[in-house]
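Fold and geometry: a report
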Amino acid sequence: MYLNLNELFKKYRGKTGIGAFNLHCMEMFPYIVEGAKKSNSPLIIQTSKGTAEYLGFDWIVTTAKLFAKDIDLCVHLDHCKDIDFIIKAIDSGYNSVMYDGSSLDFEENIKNTKEVVEYAHKRNVSVEGEIGSIGGSEDGIEEKINSIIYTKAEDAVKFVEETEIDALAVAIGTVHGLYNGKAKINFELLDTLTKKLIDVGMVLHGGTGVSDEDFHKCAEKGMMKFNVGTELNKNYIENILKDFPSAKPTTSLRGLLKNANESIVKIVEHRSNVIKLA
Ligand code: 13P
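This one's a predicted model, so the numbers in the text were calculated from it and none came from an experiment.

Conventions and cut-offs
Residues numbered from 1 in each chain as written. Predicted model: local features only at pLDDT ≥ 70, side-chain atom pairs only at ≥ 80, totals over all residues. Heavy atoms only, no water. Helix = DSSP H or I, 4+ residues; strand = E, 2+ residues; numbered from the N terminus. Rg over C-alpha atoms; globule rule 2.2 N^0.38 Å. Buried < 20%, exposed > 50% of the residue type's maximum accessible area, 1.4 Å probe, protein only. Contact = heavy atoms within 4.5 Å. Areas by Shrake-Rupley, 256 points an atom, 1.4 Å probe, with all protein chains shown as cover. Lys, Arg positive; Asp, Glu negative; His and termini not counted. Charge placed at Lys NZ, Arg CZ, Asp CG, Glu CD. Salt bridge = Lys/Arg side-chain N within 4 Å of Asp/Glu carboxyl O. Axes fitted to C-alpha atoms, helices over the stretch in contact; angles between N-to-C directions. Left-handed = near helix turned anticlockwise from the far one by under 90°. Nonpolar A, V, L, I, M, F, W, Y, C, P; charged D, E, K, R; others polar. UniProt positions renumbered as here; feature names shortened; annotations may be inferred. Polar contact = N/O pair within 3.5 Å; in protein donor to acceptor, adjacent residues only side chain to side chain. Disulfide = S-S within 2.5 Å. Pairing = 2+ DSSP bridges.

Quick word on the overall build of the protein
Helices and strands together make up the secondary structure of the protein, namely 11 helices and eight strands. The C-alpha radius of gyration computed for the protein amounts to 18 Å, which stays within 12% of the reference 19 Å derived for 278 residues, consistent with globular compactness. If you line up the protein on its principal axes, its C-alpha atoms span 60 × 40 × 35 Å. By residue count, 54% of the 278 residues in the protein fall in the buried class. Pairs at least 24 apart in sequence give 74% of the contacts found in the protein among residues at least 6 apart. When the accessible surface of the protein is split by element, carbon and sulfur atoms take 51% of a total near 12400 Å². If you average the places of the 33 positive and of the 41 negative side-chain charges in the protein, the two averages end up 5 Å apart.

Rendered as structure tokens:
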């Protein structure tokens, strides 16, 4: 079924966290779905603004609805600071969007997020907001770590109450992109946030590089949405680099992409399994 974040959270809270995988190109779509199916898990396919522009809203939505016939699936616009673009995504059939006003001052972030919520909720579209700063590259393909500004619990409560968002991206120690070392998650902060934020689905950004153990622990502590982007891109490219050098112009392109596609299935299946609770 084609379900928004709110509907997914209601259905799966206490049973499993939900993987939100960043689609980078057309090719990956069926393999992300196959991985979720193998794991028997619901799925969030998310696109950056760049991917949405590359593939077009219509292709993404039509394809998603086709797959949603036999899997619970949401199509979500990841980190977007452009409200006009968000409105276009909603009008084109995305059933979830993220307004990222984390770089704005707090009150302005609230005001803009509320505006998005008002438009989205009337159309049964869920909204994710962000406060604090997760850092790193948000298109998920660069290797850098910025300083994290941890989410403050009081701010999070006020933000959720005033905006009525469905999901909140919290900064608890993960960053977007590749890590130089191991992600250090502040579980104490996560506990505080979970106790105070009952009506909202919390979102872990920067899933690449977070260990299976930490992923599962976050799910146990009530985190609902688990974003993974760079890991897909990285594995896809690594397989292409391995398999393409031996290719001739007559080699089957499909054959050459086989290992890259299979790597996507494996990652999605594995990550989805790790956040199951039962
Ligand atoms: P990674 O690219 O680090 O997995 O993060 C993905 C993400 O959080 C997208 O918003």
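Some details on the pattern of salt bridges
Scanning the model with the defined rule gives 12 salt bridges in all. Of the charged contacts in the structure, one is a salt bridge between Glu107 and Lys158, with a shortest N-O distance of 2.9 Å. One end of the pair, Glu107, is in helix H6 (residues 106-121); the other, Lys158, is in helix H7 (residues 153-163), and 51 residues separate them in sequence. In this structure Glu107 comes out as partly exposed when scored by relative accessible area, which is 44%. Measuring nitrogen to oxygen at the nearest pair gives 2.9 Å for the salt bridge that ties Glu231 to Arg271. A residue pair is termed long-range when its members are at least 10 positions apart, and Glu231 in helix H10 (residues 230-243) and Arg271 in helix H11 (residues 253-274) qualify at 40 residues.

Thoughts on the packing of H6 against H7
The description of two packed helices rests on the angle between their axes and on the distance between the axes. Their axes nearest at 9 Å, the elements H6 and H7 cross at an angle of 35 degrees. Our pair here, H6 against H7, has a crossing hand that is right-handed. Contacts from Phe106, Glu107, Asn109, Ile110, Thr113, Lys114 and Val117 of H6 reach H7 at Asp155, Lys158, Phe159, Glu162 and Thr163. A class-by-class count of the residues in the contact of H6 with H7 yields four nonpolar, three polar and five charged.

Here's the deal with the environment of Ser92
Tracing the chain through its elements places Ser92 in the loop between helix H5 (83-91) and strand S4 (96-99). What makes Ser92 partly exposed here is its relative accessible area of 23%. Taking C-alpha positions, Ser92 is 29 Å from Ser39, a pair spaced 53 residues apart along the chain. Excluding its chain neighbours within four sequence positions, the residues that come into contact with Ser92 are Phe57, Asp58 and Val61.

What to know about the UniProt feature "binding site: Zn(2+) 2" (unreviewed entry) in the protein
Mapped onto the present numbering, the UniProt feature "binding site: Zn(2+) 2" (unreviewed entry) falls on Asp100 and Glu130. Their sequence span is 31 residues, while the largest C-alpha to C-alpha distance among them is just 5.6 Å; these annotated residues converge on one region. If you trace the backbone, Asp100 turns up in the loop between S4 and H6. If you trace the backbone, Glu130 turns up in strand S5 (residues 126-130). If we skip the residues at most four places from it in the chain, Glu130 touches His79, Met98, Tyr99, Asp100, Gly101, Ser102, Asn109, Phe159, Leu168 and Ala169. Separated by 3.3 Å, the side chains of Glu130 and Ser102 make a polar contact.

Description of the state of the cysteines
Should the sulfur atoms of two cysteines be covalently bonded, the bond is a disulfide. Tallied over the full model, the rule gives zero disulfides. No disulfide involves Cys80; its nearest neighbouring cysteine sulfur is the one of Cys74, lying 15 Å away. Using a relative accessible area of 1% as the deciding quantity, one classes Cys80 as buried.

A short note on the sheet that holds strand S3 (residues 73-80)
What the eight strands build is a closed barrel, ordered S1-S2-S3-S4-S5-S6-S7-S8; its pairing is parallel. Pairs of neighbouring strands in the sheet enclose a mean axial angle of 25 degrees, with direction left out of account. Both S5 and strand S6 (residues 167-169) contribute to a ladder of three bridges, which runs parallel. Within the sheet, the bridge partner assigned to Gly129 lies in S6 and is Leu168. Packed onto the sheet, helix H1 (residues 5-12) meets strand S1 (18-22), strand S2 (43-47), S3, S4, S5, S6, strand S7 (201-204) and strand S8 (223-228) and runs at close to 125 degrees relative to S8. Helix-sheet contacts for H5 involve S3 and S4, and the interaxial angle to S4 is about 175 degrees.

Topic: the side chain of Ser39
Mapped onto the fold, Ser39 is located in helix H2 (residues 29-39). Residue classification places Ser39 among the buried positions, given a relative accessible area of 1%. When sequence neighbours within four positions are dropped, the list of residues in contact with Ser39 reads Glu269, Ser272, Asn273 and Lys276.

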